[in-house]
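Working through the structure, step by step
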Amino acid sequence: MPDELLERLRRFKEDAFPQYRAQFQQLVDDGQQPLTLFIGCSDSRIVPYLLTGAGPGELFLVRNVGAFVPPYDQSHGFHGTAAAIEFAVLSLNVKRIVVCGHTHCGAIRALYGEVPAAAQNLVRWLDLGREATLPIADPGPEVLRRTEQRAIVLQLERLMDYPMVRERVEAGSLTLHGWHYVIEDGEVHVFDVRRGGFVPASQADNAGTGPYAPHDPNTYLDASGVPTAGD
Ligand SMILES: [Zn+2]
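Residues numbered from 1 in each chain as written. Predicted model: local features only at pLDDT ≥ 70, side-chain atom pairs only at ≥ 80, totals over all residues. Heavy atoms only, no water.

Considering the pairing of strand 5 (residues 187-192)
Among the six residues that make up strand 5, six are buried, leaving the element largely enclosed by the rest of the structure. Side chains Glu187, His189 and Phe191 project from strand 5 onto one buried face, and the interleaved Val188, Val190 and Asp192 project onto a second face that is buried too. Bridge count for strand 4 (residues 175-182) against strand 5 is four bridges, and the pairing is antiparallel. Directly across from valine 182, in strand 5, lies its bridge partner glutamate 187. As consecutive antiparallel partners, strand 4 and strand 5 are separated by four residues, and within that stretch glycine 186 has a phi angle of approximately 65°, a positive value. Here strand 5 pairs with strand 6 (residues 197-200) via four bridges, running antiparallel. (Buried < 20%, exposed > 50% of the residue type's maximum accessible area, 1.4 Å probe, protein only. Helix = DSSP H or I, 4+ residues; strand = E, 2+ residues; numbered from the N terminus. Pairing = 2+ DSSP bridges.)

Encoded structure:
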């Protein structure tokens, strides 16, 4: 039986890598300087590079079940996502943090259902989205979609509990973006607090705002999410 994974690795080296060789060498020589921390659900249907058109060196990526942000203040264990947030903000000085959830999210559905008893870490992890649920026992697609969106806003709020995040957001040097990716439409809906909800990217005038009114009224985002004022 052919080893499919091995074949893919060889194909990458032979077919894809040569086109990127110079770019990767540059990134090795200069180090990475990604502007965006992308916190996405682990779901295989979210492909951040396709969504954003990003290439090597552009996205600092952390993915987990549900695109959840654990609390900053935690004395109870190891948290890769929290560590990634701290590193991205303090060491890489990213300028934006995207939290990207999506339609048909298994994590959000699991909030309303049963999780295998052996999945003790998963059960605990899902607590990070619990507050987003609605008091409905048998949720239909609309309720699930609203829960997915509420969960994204909840994570943005939790991000603001990270002192280094809050500090930079308030100083205007970091922006937060809540995205809900509608897989079947190929469209991201961005959270805009000024419009009070999620807006399809095709109708939005920014790439999303945090869960609060921007501190500096002069700091607005252009269509690609780049702050037009402030650093
Ligand atoms: Zn998901």
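Description of the packing of aromatic side chains
A complete count under the given rule lists eight aromatic pairs for this structure. Plain terms: the ring middles of phenylalanine 17 and phenylalanine 24 are 5.9 Å apart, the flat faces sit at 20° to each other, and that makes the pair stacked. On the basis of relative accessibility, which here comes to 19%, the residue phenylalanine 17 falls in the buried class. Measuring from ring centre to ring centre gives 6.3 Å for phenylalanine 38 and tryptophan 179, while their planes differ by 75°; the resulting arrangement is edge-to-face. With phenylalanine 38 in strand 1 (residues 36-41) and tryptophan 179 in strand 4, the pair connects residues that are 141 residues apart, well separated along the chain. Accessibility assignment for this pair places phenylalanine 38 and tryptophan 179 in one class, buried. Feature note: the residues Phe12, Phe17, Tyr20 and Phe24 constitute an aromatic cluster, connected by ring pairs. (Phe/Tyr/Trp six-rings, centres within 6.5 Å; stacked < 30°, edge-to-face > 60°.)

A closer look at unusual backbone geometry
We note that alanine 67 has phi near 60°; this positive angle belongs to a residue other than glycine. Following the sequence through the fold, alanine 67 ends up in the loop between strand 2 (59-64) and helix 3 (80-90). Relative accessible area serves as the criterion here: at 1%, alanine 67 is assigned to the buried category. Phi at histidine 104 takes a positive value of approximately 60°, unusual for a residue other than glycine. Tracing the backbone shows histidine 104 in the loop between strand 3 (96-102) and helix 4 (106-110).

Observations regarding helix 5 (residues 120-130)
Among the residues making up helix 5, those that are buried are Trp125, Leu126, Leu128 and Gly129. Looking straight down helix 5, one finds that the buried residues subtend no more than 130° of arc, so they occupy a single side. With respect to the buried face of helix 5, the exposed residues turned more than 90 degrees away are Gln120 and Arg124. In this fold, the buried residues of helix 5 make contact with strand 2, helix 3, helix 4 and helix 6 (141-159). (Arc of directions from axis to C-beta. Contact = heavy atoms within 4.5 Å.)

Regarding the sheet that holds strand 5
Strands sit in the order 2-1-3-4-5-6 across an open sheet of six strands; the sheet is mixed. Two strands lie at the open edges of the sheet, namely strand 2 and strand 6, each paired on one side alone. Sheet twist, expressed as the average angle between the axes of neighbouring strands with direction ignored, equals 25°. Each of strand 1, strand 2 and strand 3 touches helix 3; the most contacted strand, strand 2, lies at about 165° to it. (Axes fitted to C-alpha atoms, helices over the stretch in contact; angles between N-to-C directions.)

Observations regarding the environment of phenylalanine 191
Tracing the sequence through the fold places phenylalanine 191 in strand 5. A C-alpha to C-alpha distance of 7.4 Å links phenylalanine 191 and glycine 210, two positions 19 residues apart in sequence. If near-sequence neighbours (up to four positions away) are discounted, phenylalanine 191 is found in contact with Val153, Leu156, Gly178, Gly197, Phe198, Gly208, Thr209, Gly210 and Pro211.

Function-wise, these values are silent; they only describe arrangement.
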